[in-house]
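Okay, here's what each chain looks like letter by letter:
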Amino acid sequence: MKTNPNAKLDEDWKSLDGTMVLNIPFPEDWTDDELKRMKPIVVKFPYQVNYLHSYGQDSPWFAALSNGQLLGTRCKECGFTTANPKLACQECYTPNSTEWVKLPMEGKIHAFTVCYFGAEAFLDQTPFILGLVEFEGVDTLMLTRIVGLDPEEATLDWIGLEVKAKFTKLTQIKPTDVYFVPKS
Ligand SMILES: [Zn+2]
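A brief structural summary.

### Comments concerning a nonpolar patch on the surface
Side chains of Ile24, Met38, Ile41, Val43, Phe45, Tyr47 and Val49 sit close together on the surface and give an oily, nonpolar patch of about 720 Å² of accessible area. For Ile41, the position within the fold is in the loop between helix 2 (32-36) and helix 3 (59-65).

### Focus on the environment of Gly137
Along the polypeptide, Gly137 turns up in the loop between strand 5 (128-134) and strand 6 (142-146). Expressed as a C-alpha distance, the spacing of Gly137 and Thr81, which sit 56 residues apart in the sequence, is 7.5 Å.

### Topic: the pairing of strand 1 (residues 71-75)
The buried fraction of strand 1 amounts to 4 of the 5 residues, a majority that puts the element mostly inside the structure. Here strand 1 pairs with strand 2 (residues 81-82) via 2 bridges, running antiparallel. The residue of strand 2 that forms the bridge with Thr73 is Thr82. Here strand 1 folds back onto strand 2 in antiparallel fashion, the turn holding 5 residues, of which Gly79 has a positive phi close to 85°.

### A closer look at the coordination of the zinc ion
Taken together, Cys75 (SG), Cys78 (SG), Cys89 (SG) and Cys92 (SG) make up the full set of protein donors to the zinc ion, lying 2.3 Å away. Geometry at the zinc ion is tetrahedral, judged from the 4 donor atoms that bind it and their angles of 106 to 117° at the metal.

### Things to note about the pattern of salt bridges
This model, assessed by the stated rule, comprises 4 salt bridges. When the shortest N-O distance is used, the salt bridge between Glu106 and Lys183 registers 3.2 Å. Here Glu106 is found in strand 4 (residues 106-115), whereas its partner Lys183 is found in the segment after strand 8 (178-182), with 77 residues between them in sequence. Residue classification places Glu106 among the partly exposed residues on the basis of a relative accessible area of 38%. For Lys183, a relative accessible area of 35% corresponds to the partly exposed category. We note a salt bridge from Glu162 to Lys183, for which the minimum N-O separation is 3.9 Å. Pair noted here: Glu162 is in strand 7 (residues 162-167) and Lys183 is in the segment after strand 8, with a separation of 21 residues, a long-range link.

Thresholds applied
- Residues numbered from 1 in each chain as written.
- Predicted model: local features only at pLDDT ≥ 70, side-chain atom pairs only at ≥ 80, totals over all residues.
- Heavy atoms only, no water.
- Patch = residues over 30% accessible without salt bridge, like charges linked within 9 Å, V, L, I, M, F, W, Y side chains within 5 Å.
- Areas by Shrake-Rupley, 256 points an atom, 1.4 Å probe, with all protein chains shown as cover.
- Salt bridge = Lys/Arg side-chain N within 4 Å of Asp/Glu carboxyl O.
- Helix = DSSP H or I, 4+ residues; strand = E, 2+ residues; numbered from the N terminus.
- Buried < 20%, exposed > 50% of the residue type's maximum accessible area, 1.4 Å probe, protein only.
- Pairing = 2+ DSSP bridges.
- Donors = N, O, S within 2.8 Å, 3.2 Å for Na, K, Ca; no water.
- Tetrahedral: all angles 85-135°; square planar, octahedral: opposite > 155°, others 65-115°.

As structure tokens, then:
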């Protein structure tokens, strides 16, 4: 079977996805020395991978989040309540002992830090405030962004400050879909 030599070339062009570089100069009478002094060709093209990630049994937590609600889990054996999804109780270690519960939409700043550096996605937002929020009746804290306070004015007076949950308008099905702002 004859193969079309252009078929492979077409595929190569497609893989460049939007990048077309044409008519790169090349001397007719080249010397080895000239080619070795040639500046490197640099090609820029979009690169994308589809990443399939399952939230598994944590899925209800994210579904609630994208609907403006916060879920936690409570152990049916000992009552220990967490602000994040737990299948097994972290207090009494009973497996499959937890049930979903609604978290309060308000809490208090338990601790905070001002981030002047962060992961790539957050770099352009520095400085920002990361806080640990405590909820009444919940035994663990929630790590979350605190918005609406000036990071340059950070003060220990913020400890204990009442905050309420706010949700990003467009959900990304990520923990960063929720953040907290001062209650008043
Ligand atoms: Zn327990």
